[in-house]
Amino acid sequence: MTAAELPDELANRVTWKIPNALALVGSRSGDERNAMTTSWITQLSMEPVIIGIGVENTAVTHRLITDGGCFTVNLWDAENTRPFVKFSKPAAYEAVAEGTSTGTLNGWSVYEAATGAPVFVDAAAWMDCEVRHSVNLGTHTLFMGELVAAGINDDEVRLASMSDTRMKYGGVKRH
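A brief report on the enclosed structure follows. (Residues numbered from 1 in each chain as written. Predicted model: local features only at pLDDT ≥ 70, side-chain atom pairs only at ≥ 80, totals over all residues. Heavy atoms only, no water.)

### Focus on the sheet that holds strand S7 (residues 102-105)
Spatial ordering of the open sheet is given by S6-S7-S8-S9, a layout of four strands whose pairing is antiparallel. With partners counted over all chains shown, the strands left at the sheet margins are strand S6 (93-95) and strand S9 (118-120), one partner each. Going across the sheet, the axis of each strand differs from the next one's by a mean of 40 degrees, ignoring polarity. In this structure, strand S8 (residues 108-112) lies alongside S9, joined through three bridges in antiparallel fashion. Note that in S9 the partner of valine 110 across the bridge is phenylalanine 120. (Pairing = 2+ DSSP bridges. Helix = DSSP H or I, 4+ residues; strand = E, 2+ residues; numbered from the N terminus. Axes fitted to C-alpha atoms, helices over the stretch in contact; angles between N-to-C directions.)

Next comes the structure, spelled out in structure tokens:
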């Protein structure tokens, strides 16, 4: 079987079986902030520590990471997957008070990481990354960010993965 003969349904079913972490990626450029649900996350290097994320080229987050040069990866408790549904579309940011570095995205409390990208207060763990490289791979861009700050808010929880939800992402583009 060649790639041209591979049925879309089989490509989707098999790629959906890849074990993927589930997280919220925070992004910022200027005063605009966003977060999006993602499952395409991996560590790419140890020295320096480089985290890779795949982001659809048409997404608001893609534009903000490209323009702002940074992103956060916010990992969640597997028992709390509600936020992932709220961030499948562009987020609305609301500042807590003028001139502060705290606010909310879709009602979830955030603060600025060292890079200025949003970190979620309720995340079990988070990583703050400065973009070092990006590669357009077709429908998505692989952003490679150097880890510049991180934190763990709850070291005891099992972190969320795609299999904790009914969400499916991967395979071939649905037409």
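From this point on, the discussion continues.
### Observations concerning the pattern of salt bridges
Counting across every chain of the model gives six salt bridges. A salt bridge links arginine 28 to glutamate 112; the shortest N-O distance between them is 2.7 Å. Of this pair, arginine 28 sits in strand S1 (residues 23-29) while glutamate 112 sits in strand S8, and the two are 84 residues apart along the sequence. The exposure class assigned to glutamate 112 is partly exposed, which follows from its relative accessible area of 29%. Of the charged contacts in the structure, one is a salt bridge between glutamate 130 and arginine 132, with a shortest N-O distance of 2.9 Å. Residue class for glutamate 130 comes out partly exposed when judged on its relative accessible area of 30%. A network of salt bridges, in which partner residues are shared, links Arg28, Arg33 and Glu112. (Salt bridge = Lys/Arg side-chain N within 4 Å of Asp/Glu carboxyl O. Buried < 20%, exposed > 50% of the residue type's maximum accessible area, 1.4 Å probe, protein only.)

### Here we look at the sheet that holds S1
With antiparallel pairing, seven strands are arranged side by side in an open sheet as S2-S1-S5-S10-S11-S4-S3. Only two strands of the sheet have a single partner each, and these edge strands are strand S2 (32-38) and strand S3 (41-46). If you compare each strand with its neighbour and ignore which way they point, the axes differ by 35 degrees on average. In the packing of helix H2 (residues 60-68) onto the sheet, the strands contacted are S1, S2, strand S4 (49-56), strand S5 (70-75), strand S10 (125-136) and strand S11 (140-152), and the crossing angle to S1 comes to about 50 degrees. (Contact = heavy atoms within 4.5 Å.)

### Some points on the environment of lysine 168
Looking at the secondary structure, you find lysine 168 in the segment after S11. Sequence separation between lysine 168 and threonine 15 is 153 residues, and the spatial gap between their C-alpha atoms is 9.4 Å.

### Notes on unusual backbone geometry
Generally, phi is negative for residues other than glycine and the peptide bonds are trans, each holding for most cases. Cis peptide bonds are those with omega within 30 degrees of zero, and the linkage from glutamate 47 to proline 48 qualifies with -5 degrees. Position of proline 48 among the secondary structure elements: in the loop between S3 and S4. Unlike most non-glycine residues, asparagine 106 shows phi in positive territory, near 50 degrees. Its location among the elements puts asparagine 106 in the loop between S7 and S8.

### Points about the pairing of S1
Along S1, six of the seven residues are buried, which leaves the element largely enclosed by surrounding structure. Hairpin connection between S1 and S2: a loop of two residues separates the two successive antiparallel strands, and glycine 30 in this loop has a positive phi of roughly 60 degrees. When S1 meets S5, the two strands line up antiparallel, connected through four bridges. What sits directly across from alanine 23, in S5, is leucine 75.

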